[in-house]
Amino acid sequence: MNLNKPKIAEQSPKKIFLFDMTFSLISSDGLLQTQRLERKLTHFFQKEQKNVSVKVYDSSQIDKEAKRADILLLTPLLGYAKDKIESQFPEIPIFVISKEEYGTLDVEKIVEKLGTLYK
């Protein structure tokens, strides 16, 4: 007799997509600073034991990828487009990272902006 209960499927992670404006024909993974921010956010959520995935996309991927996200983060360079992106995806919360938060990679302040949305 098997006394082991079947494992309950884990909830799929909250998806935070970080959009950056890059000027490179070589990479669509965002600028180096954005890639660092992605790693710091990922580490923060792992440390907090939160089921959250963070992925970086170039701004040219917004139309294709944003609809799969639970939360959108925009780098300061892309902040000008927030209103337009909100009109395209009104059901998805969108936050612009300030220049200070981006420059210092202040993950705690960025997560504070998200409030309870990431939990």
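- With an unreviewed UniProt entry as reference, the protein is termed PTS EIIB type-3 domain-containing protein, source organism Enterococcus lactis.

1. Some points on the pairing of strand β2 (residues 52-58)
Right, on to step 1. The element β2 is largely enclosed, with a buried count of five among its seven residues.
Right, on to step 2. Bridge count for strand β1 (residues 14-20) against β2 is seven bridges, and the pairing is parallel. Bridged to Ile 16 within β2 is Val 54.

2. Let's talk about the sheet that holds β1
To summarise the sheet geometry, strands pair through backbone hydrogen bonds and adopt either a parallel or an antiparallel arrangement.
Right, on to step 1. Here we have four strands laid out as an open sheet, ordered β2-β1-β3-β4, and parallel in their pairing. Every interior strand has two partners, whereas the edge strands, β2 and β4 (94-96), have only one. Looking at each pair of strands side by side, their axes are set apart by 25° on average, direction ignored.
Right, on to step 2. Lying on the sheet, helix α1 (residues 32-47) is in contact with β1, β2 and β3 (71-74); it crosses β2 at an angle near 170°.

3. A few points about the confidence of the model for the protein
Right, on to step 1. On average, the protein scores 86 in pLDDT, and the residues at 70 or more come to 83%.
Right, on to step 2. Scored below 50 in pLDDT, residues 5-9 makes zero contacts in the model with residues more than four places away or belonging to other chains.

4. Regarding the side chain of Thr 75
Right, on to step 1. Take Thr 75: it is sitting in the loop between β3 and α3 (82-88).
Right, on to step 2. Given a relative accessible area of 1%, Thr 75 falls into the buried group.
Right, on to step 3. In this structure the side chain of Thr 75 is engaged in a polar contact, spanning 3.1 Å, whose partner is the side chain of Asp 20.
Right, on to step 4. Beyond its immediate sequence surroundings of up to four residues, Thr 75 is in contact with Leu 18, Phe 19, Asp 20, Met 21, Thr 34, Val 96, Ile 97 and Tyr 102.

5. Concerning helix α5 (residues 107-114)
Right, on to step 1. Those residues of α5 not exposed but buried are Val 107, Ile 110, Val 111 and Leu 114. Summarising the axial view, the buried residues of α5 lie within an arc of 95°, below the 170-degree limit, and thus occupy one face. Turned more than 90 degrees from where α5 packs its buried face, Glu 108 and Glu 112 sit exposed.
Right, on to step 2. Buried residues in α5 make contact with β1, α1, β3, β4 and α4 (99-104).
Right, on to step 3. At the exit of α5 stands Gly 115, carrying a positive phi of roughly 60°.

So, how was this worked out
- Residues numbered from 1 in each chain as written.
- Predicted model: local features only at pLDDT ≥ 70, side-chain atom pairs only at ≥ 80, totals over all residues.
- Heavy atoms only, no water.
- Buried < 20%, exposed > 50% of the residue type's maximum accessible area, 1.4 Å probe, protein only.
- Helix = DSSP H or I, 4+ residues; strand = E, 2+ residues; numbered from the N terminus.
- Pairing = 2+ DSSP bridges.
- Axes fitted to C-alpha atoms, helices over the stretch in contact; angles between N-to-C directions.
- Contact = heavy atoms within 4.5 Å.
- pLDDT = per-residue confidence, 0-100.
- Polar contact = N/O pair within 3.5 Å; in protein donor to acceptor, adjacent residues only side chain to side chain.
- Arc of directions from axis to C-beta.

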